[in-house]
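# Structural description and commentary
Here is how the chains run, residue by residue.
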Amino acid sequence: MIVALPDLAATAAFGERIAAALQPGDVVALEGGLGAGKTTLARAIIAALGHQGEVPSPSFAIIETYEVPQVRLPLVHADFYRLNAPHEAEELGLEDYRDGAALLAEWPDKAGGFAHEPGCLSIRLETADSGRIAIVEPGSDWLVREGWN
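Reference entry: report on the structure contained in this document. Residue positions are given per chain, counted from 1 along the sequence in the order it is written. Whole-chain, interface and lining totals are the exception, using all residues; otherwise, since this is a predicted model, local features are given only for residues with pLDDT of at least 70 and side-chain atom pairs are given and counted only at 80 or more. Side-chain metrics in this entry use all non-hydrogen atoms of the structure; hydrogen atoms and water are not considered.

### Examining the environment of Gln-23
Take Gln-23: it is sitting in the loop between α1 (8-21) and β2 (27-31). For the exposure calls, accessible area comes from a 1.4 Å probe over protein chains only, and a residue counts as buried if that area is under 20% of its type's maximum, exposed if over 50%, partly exposed in between. Gln-23 gets classed as partly exposed once you look at its relative accessible area, which sits at 38%. The spacing of Gln-23 and Ala-4 is 19 residues in sequence and 24 Å in space, taken between C-alpha atoms. Counted as a polar contact is a pair of N or O atoms within 3.5 Å, where, for protein atoms, one must be capable of donating a hydrogen and the other of accepting one, and residues adjacent in sequence contribute only when both atoms are in side chains. Side chain to side chain, Gln-23 and Arg-145 meet in a polar contact 3.4 Å long. The helix count covers DSSP runs of H or I at least four residues long, the strand count covers runs of E at least two residues long, and both are numbered beginning at the N terminus.

### With respect to the packing of α1 against helix α2 (residues 38-48)
Two elements in contact, α1 and α2, have axes whose closest approach is 8 Å; the angle formed by their N-to-C orientations is 55°. When the axis of α1 is compared with that of α2, the two are oblique. Of the two possible hands of crossing, α1 and α2 adopt the one that is right-handed. Residues Leu-8, Thr-11, Ala-12, Phe-14, Gly-15, Glu-16, Ile-18 and Ala-19 of α1 pack against Thr-40, Leu-41, Ala-44, Ile-45 and Ala-48 of α2. Under the scheme applied here, ten amino acids are nonpolar (Ala, Val, Leu, Ile, Met, Phe, Trp, Tyr, Cys and Pro), four are charged (Asp, Glu, Lys and Arg), and all others, including Gly, are polar. A class-by-class count of the residues in the contact of α1 with α2 yields nine nonpolar, three polar and one charged. In this analysis, axes come from line fits to C-alpha atoms, helices being fitted only over the stretch in contact, and the angle between any two N-to-C directions falls in the range 0 to 180 degrees. Here roughly perpendicular refers to angles of 65 to 115 degrees, roughly parallel to angles under 35, roughly antiparallel to angles over 145, and oblique to all remaining angles. When the near helix sits turned anticlockwise from the far one by under a right angle, the crossing is termed left-handed; a clockwise turn instead gives a right-handed crossing. By definition in these notes, contact holds between two residues if any of their heavy atoms fall within 4.5 Å.

### Considerations on the sheet that holds strand β6 (residues 120-128)
Each pair of strands is called paired provided DSSP finds at least two bridges between the two strands. Taking strand neighbours across the sheet as the criterion, the seven strands line up as β1-β7-β6-β2-β5-β4-β3 in an open arrangement whose pairing is mixed. Lying at the two open borders of the sheet, with one neighbouring strand each, are β1 (2-5) and β3 (63-66). Mean inter-strand twist for the sheet, computed between neighbouring axes without regard to direction, equals 20°. Pairing between β6 and strand β7 (residues 131-138): eight bridges, direction antiparallel. Bridging across to β7, Glu-126 finds its partner in Ile-133. Across the sheet, α2 touches β2, β3, β4 (75-79), β5 (102-106) and β6, and the angle it forms with β5 is around 165°.

Written out as structure tokens, the structure reads:
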């Protein structure tokens, strides 16, 4: 599935669509080069989950957490760009953070990837003539949700 993201309004609407279907245990794996819009889409999802105010980029902290009632469901926003090897995600305690929470993962391959998980929604962001596009590959859990098959 390809979703056109010509502007911030379209990105916000796509974030709302993802947030509406997001469940604990899910992963939204955000791929794309530097400046592709990964953090922008993550912020749109977090806002659509109910967070008000600034959403810091987890580039330096690597992991930011959001709890109910701040958001609709527990959420982990991780930016794995600075990891050198997947085992470093384990050393950070990623599995503990993920327990009962959804995960927004920027640079997912640096953490070993999540596409093999049925609850993974893989999104590759790329620049296009009209802004950006999102190339979306839903895992099997997403395929049974309305609007993702």
